[in-house]
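Fold and geometry: a report
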Amino acid sequence: MASNLRHTCFFLGISLLLQVVHGDPTTIPPLKEKSLNCSETYWPNVTRQMEYNMDLMEKPCEDFWNYACGNWRVPHQLRLMKATDTLTAIKAQNKYLLMQYFDEAEKKMGNASIDLGERSVVQFYKSCLDKRIMRSRDQDELAIRLYTDVLGNFSSSWPILNSNFTSSNAPHNFNWEYVAGHMRRYGAQTLIRTLVQPNWQSSQQLIVYLMPPSFELLKARQSDSSYDEESVFFYTRYIKMLMMDLGVRVRKSNLIANEVVQFEQALLALVNDKDVMILKEPQTLASLSQELPQVDLLGYFKILLQDFQLPPNFEQKMLIVADKDYLRSLVGLLNKTKTETIAKYFLIQFLVNFEVNLHDDEGYFKQKEECLKQVNDFMPFELTRIFLRLQHGNDEEEFITETEKHLQEIFNKLKLQFEKLINSTSLFERDAYSKNLSIEKIRNMRLLLPKLEKNSSIGTNVLPISDNYDLNLIALTKFKHQQQLQQLIPHMVSDVMEIVMDPELSLSSLYFDQSYGPLDVNAYYRLKKNTIELPIGILRPPLYERCMKPAKIYGGFVYILAHELLHGFDYDGMSYGKFGNINHNWGPRAIIKFGVKSTCYLGLRYTNEYSAINENIADSEGLRLALETLLDNEMDQSFDQNDMKLFFLSFAQTWCGTKSNESNIRIHASHQERVNNVLGNFMEFADVYKCEPMTRLNPEEKCRIW
């Protein structure tokens, strides 16, 4: 009986939502007239979907998240893709669209109009899927030899591969720095992790960071500081299976697996998690080599960078931040470890780098997902073109141009609005210096969208794509890391002023560990670039579409933009300047006032308050910035309280569902808490939904910094 009543009330609510009833909290207003070519059915369809997600039996002033999202469900075709909330559902929709394309793509390959980039993407995906589903034991053993053949070019003294390898001749034949340099050219981070990142002292300067390995398979999660029994078991089993594929007998494979895992556990024990790498003083390769003569760093980098023409005396110009304590401890560990064990570890890490046979036990659908992920990692620009064409036909260039123009206009409005807040806040009273630095920073903040690359070496004679997946993977991996390392070369200069900066840096230019293809559904504020980056995957409904009403766009997508903008002015962001350099910009007076105002975000309403405070600030202050920008720039004569309701509903429905990423639990509140806590800070919300004082969504204390 109760369920029938709820069902009846729900559909009664739908009919009400299609009307403009002034003051009714269930009303979603109609679309205003626009100059865009929007279908007459577009806004009713958007409205219908928003209504469907709502649970009108919930009281909006007690739990607005349940009111807005109580009937939200993952579409059945997306459940296999682990969609659990709005953002992961968008990602799953992107996957689903691309998987459908690849299912039909082979039939179209005879079409002469298909360009080389698209052919290469299809061929790589097909080779990947064929390898995973049309496999046999003999094929596995043959394929793994393609990877070990590459290792044979680095050294002739490999245990397992070379039966003559003995402990007596190993020290003379196995130079770990030499082999590590070669392996890093293929992306394998062995013993030391070599990253190219912006210099924390000068963000325009790319430098090298030498860090401990990430131990991705030894640990259950990247965020963990150690391993557990289950992660060790699965890692050991994986190594054992690799050894058996190399022809090693079962008992010997088990011994090798245990030997390597124990060595890696000893490596992990050398890592000091409390060591803050980013704040270490950069030094030249020459000075670091002199300080650590027991490690042949010069030899390592000569091997690593052998594909490029290096400037004269590059060791005097290349800057490095190194975990020197780890490197010293590493030398001590290596000195007391059998060289044969070290070489076995190197061999296995090279295979792990390519995830050789890692996904053997997964079903057909999961294998398709893994192949799509690899296409996204190695061919993001080519896949982006396909993705845009699937959504926008042959107008993908026009879509990018118009979208960039539209979002840049919105972003400029956000920046101007925030500058008003900087000028009016009490944070900078009698502190003109801190205020001016903040104004400079917001004026210099940039928004970057992906560029549609027209030319690519993939698929050409430079990097041909064949039907052999393993050969493709080896070539693409090396090519990807060559491109990354190549960007380091112009930064080997005596003075940072000599660097010629491209004002239109691509998204991945300074952050090599991210992929920005259509499977990335997020937005990122980059402290070291003072830039917000928008991958292509997020630029779609239900978050963004030009035909949406401004209140819908501002409550969802623009809120996300404003959230990222506020990260430039939170506890981390305040330490970075307008060019992304770290230097404690604000004066002590402003920092103290910021701290006093931010204590509201540590109140009883917030859980994980200390670890999540930056996110809590960005959520509430970001939505405030989006609302005030909407009110100052997008209001016309028809704007009324129903637009306000739409704004707040759009925000809440951005967080429908539950979080799927465990690592985010520590820095974000739950979706329900996130929505209710943010809206509890808005008197505008309480007014438009007529929330009585002291109800959950209209608490006495309302947090606001800006």
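This one's a predicted model, so the numbers in the text were calculated from it and none came from an experiment. (Residues numbered from 1 in each chain as written. Predicted model: local features only at pLDDT ≥ 70, side-chain atom pairs only at ≥ 80, totals over all residues. Heavy atoms only, no water.)

This paragraph deals with the packing of aromatic side chains. What the rule picks out here adds up to 33 aromatic pairs. Each ring, one from Phe154 and one from Tyr186, has its centre 6.0 Å from the other, and the planes form 45°; the classification is tilted. With Phe154 in the loop between α6 (137-152) and α7 (170-173) and Tyr186 in the loop between α8 (176-184) and β1 (193-198), this pair connects stretches of sequence that are 32 residues apart. By the burial criterion, Phe154 is buried, and Tyr186 matches it. Here Tyr300 and Phe301 contribute two aromatic rings whose centre-to-centre distance is 5.1 Å and whose plane-to-plane angle is 85°, an arrangement assigned as edge-to-face. The exposure class assigned to Phe301 is buried, which follows from its relative accessible area of 1%. Members of the aromatic cluster, joined through ring pairs, are Phe64, Tyr67, Phe647, Phe648, Phe682, Phe685 and Tyr689. The lysine or arginine in question, Lys441, covers the ring of Phe569, its NZ or CZ lying 5.4 Å from the ring centre. A cation over an aromatic ring shows up here: Arg674 above the ring of Trp655, its NZ or CZ 3.9 Å from the ring centre. (Phe/Tyr/Trp six-rings, centres within 6.5 Å; stacked < 30°, edge-to-face > 60°. Helix = DSSP H or I, 4+ residues; strand = E, 2+ residues; numbered from the N terminus. Buried < 20%, exposed > 50% of the residue type's maximum accessible area, 1.4 Å probe, protein only. Lys NZ or Arg CZ within 6 Å of the ring centre and 35° of its normal.)

Glancing now at the sheet that holds β1. Backbone-to-backbone hydrogen bonds pair the strands of a sheet. The strands run either parallel or antiparallel. In spatial order, the strands read β1-β2-β4-β3; together these four strands make up an open sheet with mixed pairing. Every other strand in the sheet has two partners, leaving β1 and β3 (283-284) as the edge strands with one partner each. (Pairing = 2+ DSSP bridges.)

So, about the pairing of strand β4 (residues 319-322). Strand direction decides the pairing type here: strand β2 (residues 206-211) and β4, joined by three bridges, are parallel. Looking at the pairing, Leu210 lines up with Ala322 of β4. Bridge count between β3 and β4: two bridges; the pairing is antiparallel. In the strand pairing of β4, Thr284 is matched with Leu319.

In short, geometric facts, not functional conclusions.
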